Amino acid sequence: MTVNHRSTSILLMVMIILSLALSACQGADPAQAQPEPGYNAMKISAPDCSYGGEIQSIEAINSATVRFTLCYPDAGFPAKVAFPTFAIQDTNVLNNSSGNPDEIVATGAYSGPFRVKQWNPGTSLVLEPNPTYWGIPARLDELTIRWAPSSGMRQAELQAKRADLIDQPDLRSLVIRTDPNYTLYTRPSLNVAYIGMNRSLPPFDNDQVRLAFAMIFNRDQMVETSFPVGSVIAQQFVPSTLTPGYSPVLRWHDMNHKEARELLKEANFDFSQTITMLYSSESTPALPSPNLVAFEVQTQLKELGIKVRLQRLTRNEVQAALDSGQVALYIDGFSADFPDATSFYDLNFIQNAQRFGTPYEDLVTAIQAASREPDAGARQLAYDRVNELLKNYALFIPIAHANSTLASLAQVGNVMAGPINESFSLMTTPSNTMTFFQETAPTSLWAADETSADTMRVGYLLYSSLTQYGLGGKGVEPALAEYWYSNEDLSEWTFDLRYGVAFSNGATLDANDVVATFAAQWDASNPNHAGQYSYFKRFFGEFLNHP
């Protein structure tokens, strides 16, 4: 088969333009939605907001319109509901399966660009185009997803041409970086690696000590020696690609050992003490080489006479320790769940603020004001205030925004790698088939109760949410909802569904499916509430009717 790359590029450009045109429709406020005679519209609501969560009610206004009323304004709500754990499912499938993910998958009610052709747990997942998909049809006839835990194993599969595309190749390999038979794709960063300090624990309960630590490190050297090629030094907690959120004129404290020593002297810092620094040796996208970073931090502190003992634990042990609020100094990395500043700020400095110690009230107020501001310009000004406060309080030291990569055979076309998803439905190969290697096996094909990034990838391919993240980028675009709009203070969000969307089991999407899908996670008393739903709690707070 001969591939006309010029025609392919033109078609891809048209697709992107159409997608952007659809995105421009968001925010339009059409005529007020009216009830529909004869339609048995579902609604679920909390008596009030004292139960502790963000959502107050979810209701189907008519068969094509669903409304979320919130307990407080949330500018990031359209980005949150695009997450694959909130993919919409046919109500009958949910009810007949009682929310059991295996039974949901067995029903085969897909709404994404692909459907399952063959599922071989432990070996491979073979997908084919979903003929009822509402969007642009997938161009591949078959997509096989396999997994291998090490970058070397994945790279060997690519070099042997048993893979067309792999995630996270070994960037130390000159073959992948220089051989014209391979193409390397770098994802924009949506993460941060940092050194954290707990202001409630000595010696970091002294503001001058934290400020001194903020001036000690040669962060350029850390990025050069301990992070993948293409990673950038972090000036703030959020990367420069995130707007509103990133403040272009704000830079972190310069390295200044003289001033750091003077601050430590004024604070009566005890140089005879040994400070324990906690970290996990497990690689993550935000912190791919934690051991290198830990030794570099220890070495640079030693240059100023500060003694640090490294304590290495598993990732889960580290997170549990940080959540307890009893760790004074640590190294951690954070990857945003969705492309909105609320994913960085609200989660880390309000919901999980205990890892930095007792929250500063003015910082919490500033973050809440930014997340509840409807105007993008005013919201950026609010985040400028947040970033200034974070620099002054020095609760952390930003190190890097780490890039991650994909590598393909050169013959693979239309590859776009975003911070959250990839353009699988648009990709091409000469054979119209593709084998992709990721790091781990999907833990389930229905992602509502899952947390693994590799499982989320499969969720994007098989199911659709109300909104979606733009391919190769950060924006939020229409998906099952063609339009959405809010009230003036962002506490009420209304979604208008696409006409005639069909699940692959033949059922037609309507607003009750949206209510039923969210109710299964939100309402602990719902018969379809069959999991832990950690992402729901992470995004929206407490469950309704929780024990």
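Residues numbered from 1 in each chain as written. Predicted model: local features only at pLDDT ≥ 70, side-chain atom pairs only at ≥ 80, totals over all residues. Heavy atoms only, no water.

Some points on the layout of surface pockets
Argument step 1. Volume-wise, the second largest pocket comes out at about 320 Å³.
Argument step 2. As for the second largest pocket, its lining consists of 20 residues, and the residues nearest its centre are Glu54, Tyr72, Lys80, Asp346 and Gln351.
Argument step 3. The set of elements that each furnish at least two residues to the lining of the second largest pocket consists of helix H12 (341-351), helix H13 (361-371) and helix H17 (534-540).
Argument step 4. Looking at the lining of the second largest pocket element by element, the count peaks at six residues for H12.
Argument step 5. When its residues are assigned to classes, the lining of the second largest pocket shows seven nonpolar, six polar and seven charged. (1 Å grid on protein atoms, 1.4 Å probe; cavity = no way out; pocket = protein on both sides within 12 Å on 5 of 7 lines; lining within 4 Å. Points joined across faces, edges and corners; volume = space filled by probe spheres on them. Helix = DSSP H or I, 4+ residues; strand = E, 2+ residues; numbered from the N terminus. Nonpolar A, V, L, I, M, F, W, Y, C, P; charged D, E, K, R; others polar.)

So, helix H7 (residues 207-214)
Argument step 1. Regarding H7, the residues found buried are Val209, Arg210, Ala212, Phe213 and Ala214.
Argument step 2. For H7, the elements touching its buried residues are strand S9 (191-197), helix H9 (257-266), strand S11 (274-280), helix H10 (290-302), helix H14 (376-393) and strand S14 (396-401).
Argument step 3. In this structure Asn206 caps H7, since a side-chain oxygen of it lies 2.8 Å from the backbone nitrogen of Gln208. (Buried < 20%, exposed > 50% of the residue type's maximum accessible area, 1.4 Å probe, protein only. Contact = heavy atoms within 4.5 Å. Polar contact = N/O pair within 3.5 Å; in protein donor to acceptor, adjacent residues only side chain to side chain.)

Structural notes on the packing of aromatic side chains
Argument step 1. Throughout the structure, instances matching the rule amount to 44 aromatic pairs.
Argument step 2. When the centroid spacing of 5.7 Å and the interplanar angle of 55° are considered together, the rings of Phe86 and Phe539 count as tilted. Placement of Phe86 in the loop between helix H2 (77-80) and helix H3 (91-97) and of Phe539 in helix H17 is noted, with a sequence separation of 453 residues between them. For the residue pair Phe86 and Phe539, the accessibility class agrees, reading buried in each case.
Argument step 3. Ring geometry for Phe269 and Phe271: centres 5.0 Å apart, planes at 80°, overall edge-to-face. (Phe/Tyr/Trp six-rings, centres within 6.5 Å; stacked < 30°, edge-to-face > 60°.)

Some points on the sheet that holds strand S2 (residues 55-62)
Argument step 1. The five strands lie next to each other as S1-S2-S3-S20-S19, forming an open sheet whose pairing is antiparallel. The sheet is open, and its two edges are formed by strand S1 (43-45) and strand S19 (481-486), each paired on a single side. Direction aside, neighbouring strands of the sheet carry axes that sit 15° apart on average.
Argument step 2. Where S2 lies against strand S3 (residues 65-70), six bridges are found, and the strand directions are antiparallel. Bridge pairing in S3 links Ala60 to Val66.
Argument step 3. Against the sheet, helix H16 (residues 511-522) contacts S1, S2, S3 and strand S20 (492-497), and its axis sits at roughly 160° relative to S2. (Pairing = 2+ DSSP bridges. Axes fitted to C-alpha atoms, helices over the stretch in contact; angles between N-to-C directions.)

Considerations on the pattern of salt bridges
Argument step 1. This model, assessed by the stated rule, comprises 18 salt bridges.
Argument step 2. One salt bridge connects Lys80 with Glu54, and the closest N-O pair in it is separated by 3.2 Å. Of the two residues, Lys80 sits in helix H2 while Glu54 sits in the loop between S1 and S2, which places them 26 residues apart along the sequence.
Argument step 3. Glu54 sits in the buried class, given a relative accessible area of 0%.
Argument step 4. Note that Arg538 is salt-bridged to Asp337, the shortest N-O span being 2.5 Å. (Salt bridge = Lys/Arg side-chain N within 4 Å of Asp/Glu carboxyl O.)

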